[in-house]
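Structure assessment
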Amino acid sequence: METLKRTDWWRLTQLVVAIAVSGFIGYRFQPMVANNPNAVNTVVTIFSILAGFLIAVITFIAEPTLQQARTWDELQRMKDTVRRKLIRQKLLFFLYLLTLGIALAMFLTPPTMLELLKWLQTVFLGLATFVFLASFSLPGSLMKIQMERYEAVLQDSRPKVVADAKKAAEQVKKRNR
């Protein structure tokens, strides 16, 4: 029951819709990829760029947390959040690489193996669509990271009186629960 309460239903719905749309597009539009190296090259170029961008995002994920935490205990509490963010970005990065790998497999498959080529093209287009849809979360992730950095710097520069008052208010809140 606890797992159901913690499930992010909106994110799960987005995942199911993205999988369904990607499967449909991969199956329905596979003929548009067949014998069209320009389409495949365009996708390969875009995902290569996105993979590099994602590595930069992954690099920045933990930094705001490290700046924000004041004690070992705070770092421990934030560890799971940072881990979840990193896992999501790492999974997206591996999907980029998988898409590029399938594109390579398409180029290396002999033209005589038509059925295999057709399935590779279908999977390539479906996966490319899915990864493209998943990439829409990148700007939001980057914005959240930058806002966490901003908050950490703001907290560091906050006058001691304000910081002490905020801390006292949080302690009163905890006692009243």
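Structure first, text after, so check above.
All of the points below concern the structure found in this document.

It is worth spelling out a positive patch on the surface at this point. Among the surface-exposed residues, Arg6, Arg11, Arg84, Arg88 and Lys144 lie close enough to one another that they form a single positively charged patch. Within the secondary structure layout, Arg11 lies in helix H2 (residues 9-28). Overall, Arg11 belongs to the partly exposed group, its relative accessible area being 41%.

Using the criterion set out here, one finds one salt bridge in the structure. The salt bridge partner of Asp80 is Arg83, with a shortest N-O separation of 3.7 Å. Of this pair, Asp80 and Arg83 both sit in helix H6 (residues 72-108), three residues apart, roughly one helical turn. Of the residues examined, Asp80 reaches a relative accessible area of 43% and is grouped as partly exposed.

Another point: helix H7 (residues 114-134). Taking 1.5 Å per residue as the helical rise, H7 with its 21 residues ought to reach 30 Å, and the 30 Å between its terminal C-alpha atoms agrees with that figure. All buried positions along H7 are accounted for by Leu117, Leu120, Gln121, Thr122, Phe124, Leu125, Gly126, Leu127, Ala128, Thr129, Phe130 and Val131.

The rules behind each value
Residues numbered from 1 in each chain as written. Predicted model: local features only at pLDDT ≥ 70, side-chain atom pairs only at ≥ 80, totals over all residues. Heavy atoms only, no water. Patch = residues over 30% accessible without salt bridge, like charges linked within 9 Å, V, L, I, M, F, W, Y side chains within 5 Å. Areas by Shrake-Rupley, 256 points an atom, 1.4 Å probe, with all protein chains shown as cover. Salt bridge = Lys/Arg side-chain N within 4 Å of Asp/Glu carboxyl O. Lys, Arg positive; Asp, Glu negative; His and termini not counted. Charge placed at Lys NZ, Arg CZ, Asp CG, Glu CD. Helix = DSSP H or I, 4+ residues; strand = E, 2+ residues; numbered from the N terminus. Buried < 20%, exposed > 50% of the residue type's maximum accessible area, 1.4 Å probe, protein only. Expected span 1.5 Å × (residues − 1).

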